[in-house]
Amino acid sequence: MDIKGKVALVTGGGSGIGAAIAKALAAEGARVMIAGRRPEQLRQTVQAIGELGGDAAIHVGDVARAQDCEALVAATEAQFGPVDVLVNNAGILPKGKPLTDYSVEEWDAVMSVNVRAAFLLAKRVLPRMVERGSGHIVNISSVSGIRFFVGESIYGLSKHALNALTNFISEEYGARGIHCLSICPGLVHTDMGLTLEPTHRDRLLTPEDIAGSVIWALRQRHGVRVPFPIVLEPQDNPWEGGYPMLNQKF
Ligand SMILES: NC(=O)c1ccc[n+]([C@@H]2O[C@H](COP(=O)([O-])OP(=O)(O)OC[C@H]3O[C@@H](n4cnc5c(N)ncnc54)[C@H](OP(=O)(O)O)[C@@H]3O)[C@@H](O)[C@H]2O)c1
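To keep things clear, this report deals only with the structure shown in the data block. (Residues numbered from 1 in each chain as written. Predicted model: local features only at pLDDT ≥ 70, side-chain atom pairs only at ≥ 80, totals over all residues.)

**Points about the overall build of the protein**
- Across its full length, the protein holds 7 helices and 7 strands.
- Of the regular secondary structure in the protein, the N- to C-terminal order runs β-α-β-α-β-α-β-α-β-α-β-α-α-β.
- Over its C-alpha atoms the protein spans a radius of gyration of 17 Å, differing by no more than 12% from the 18 Å that the globule rule assigns to 250 residues.
- Principal-axis analysis of the C-alpha atoms gives the protein an extent of 50 × 40 × 35 Å.
- Of all 250 residues assigned to the protein, the portion counted as buried reaches 44%.
- Within the protein, counting contacts between residues at least 6 apart in sequence, those at least 24 apart form 69% of the total. (Helix = DSSP H or I, 4+ residues; strand = E, 2+ residues; numbered from the N terminus. Rg over C-alpha atoms; globule rule 2.2 N^0.38 Å. Buried ≥ 20, exposed ≤ 12 C-beta atoms within 10 Å, placed from the backbone. Contact = placed C-beta atoms within 7 Å.)

So this is what it looks like as structure tokens:
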């Protein structure tokens, strides 16, 4: 797809991976709506895009709320037109602990942002994509969505579910011109990634690495399908002695 002139919506675009994806899309000539709860973070991304000559706007909202998801898509359509590229990037990572220590409230919070919001936004943009016979949905998942890390059960469950959502969208809407893709990063140098306390920060993936994979996938010609998640991992282990969660005894 030629990204130039396309309308993109990136959730969690004010920081980390989402900000890098928003900038990369704008650099390719997309008009980008970025969303999140913190207006100042969103404004910084828009300013950076503007300084590079790109076109972007912000919408402040909480994707855990159905009405905010609806308002976000409506605002994007009003500002730029129908969404060509939806990037479900907003996510939260709860503190690691054994499965039975998680509360129902923690389950609901993680599932609402990491899975339900992706469903709600896809549900809202898909009909107009199908009408036009084209559209891309990119879900930012995680290696936690293809593996089973000790201490990350709720987060991992949400990312496995997000990968399943990707596959269902591909199977049900692929024949109608829709591309849906999961990207599964390992540890990335962002606020979220640093909460996992890597001992070698210089070994982490960068947000730009992830953005590069999004642009690569979007640039494929219409006849090319990317049926499996794109997995990116640091070449060298960011933790001295291995991933610390795996050494925990619960
Ligand atoms: N960093 C890693 O190592 C890593 C690895 C694999 C996958 N990922 C995934 O990559 C995605 C981006 O994470 P990141 O590493 O870039 O971390 P980050 O900087 O903490 O970004 C998370 C983004 O999600 C937004 N967000 C969270 N809850 C939201 C809500 N309820 N409504 C709207 N926006 C919300 C945040 O914006 P506000 O706080 O302003 O709302 C923030 O911009 C996440 O889905 C994460 O699971 C990260």
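**A word on helix α3 (residues 66-79)**
- Look at α3: 20 Å from first C-alpha to last across 14 residues, which is about the 20 Å you get at 1.5 Å a residue.
- Contacts made by the buried residues of α3 are with β1 (7-11), β2 (31-36), β3 (55-60) and α4 (104-132). (Expected span 1.5 Å × (residues − 1).)

**With respect to the site of the ligand**
- Taken together, 29 residues are adjacent to the ligand, and G12, G16, R37, G91 and G193 come closest.
- Only α1 (16-27) and α6 (191-194) provide two or more residues apiece to the shell around the ligand.
- Within the shell around the ligand, the residues separate by chemical class into 12 nonpolar, 13 polar and 4 charged. (Near = placed C-beta within 6 Å. Nonpolar A, V, L, I, M, F, W, Y, C, P; charged D, E, K, R; others polar.)

**What to know about the sheet that holds strand β4 (residues 85-88)**
- One open sheet holds the 7 strands; their spatial order is β3-β2-β1-β4-β5-β6-β7, and the pairing between them is parallel. For this open sheet the edge positions go to β3 and β7 (230-232), each flanked by a neighbour on one side alone. Here the average twist between neighbouring strands, direction ignored, is 15 degrees.
- Where β1 lies against β2, 5 bridges are found, and the strand directions are parallel. By the bridge assignment for β2, A8 is matched with V32.
- Its contacts with the sheet put helix α2 (residues 39-51) on β2 and β3, and the angle it makes with β3 is roughly 175 degrees. (Pairing = 2+ DSSP bridges. Axes fitted to C-alpha atoms, helices over the stretch in contact; angles between N-to-C directions.)

**Regarding unusual backbone geometry**
- Phi is positive for E197, close to 50 degrees, though the residue is something other than glycine.
- Mapped onto the elements, E197 comes out in the loop between α6 and α7 (207-219).
- Classification of E197 by C-beta neighbours within 10 Å gives exposed; the count is 10.

**Topic: the packing of α1 against α2**
- It is the contact of α1 with α2, at a shortest axis distance of 10 Å, that shows an interaxial angle of 25 degrees. The orientation of α1 with respect to α2, classified from their angle, is roughly parallel. When you trace α1 past α2, the crossing you get is right-handed. Contacts from A19, A22, K23 and A26 of α1 reach α2 at T45, A48 and I49.
- A per-class count over the contact of α1 with α2 returns 5 nonpolar, 1 polar and 1 charged. (Parallel < 35°, antiparallel > 145°, perpendicular 65-115°, else oblique. Left-handed = near helix turned anticlockwise from the far one by under 90°.)

**Observations regarding the pairing of strand β5 (residues 135-140)**
- The buried fraction of β5 is high, at 6 of 6 residues.
- Across the two faces of β5 the burial is the same, with G135, I137 and N139 and H136, V138 and I140 all buried.
- Bridge count between β4 and β5: 4 bridges; the pairing is parallel. Note that in β5 the partner of L86 across the bridge is I137.
- In this region the chain leaves β4, passes through α4 and returns to the parallel neighbour β5; the handedness of that crossover is right-handed.
- At this point the chain moves from β5, through helix α5 (residues 153-173), to the parallel strand β6 (residues 178-185), and the crossover so formed is right-handed. (Right-handed = clockwise from strand over helix to strand, strands pointing away.)

Interpretation in functional terms is not warranted from these geometric data alone.
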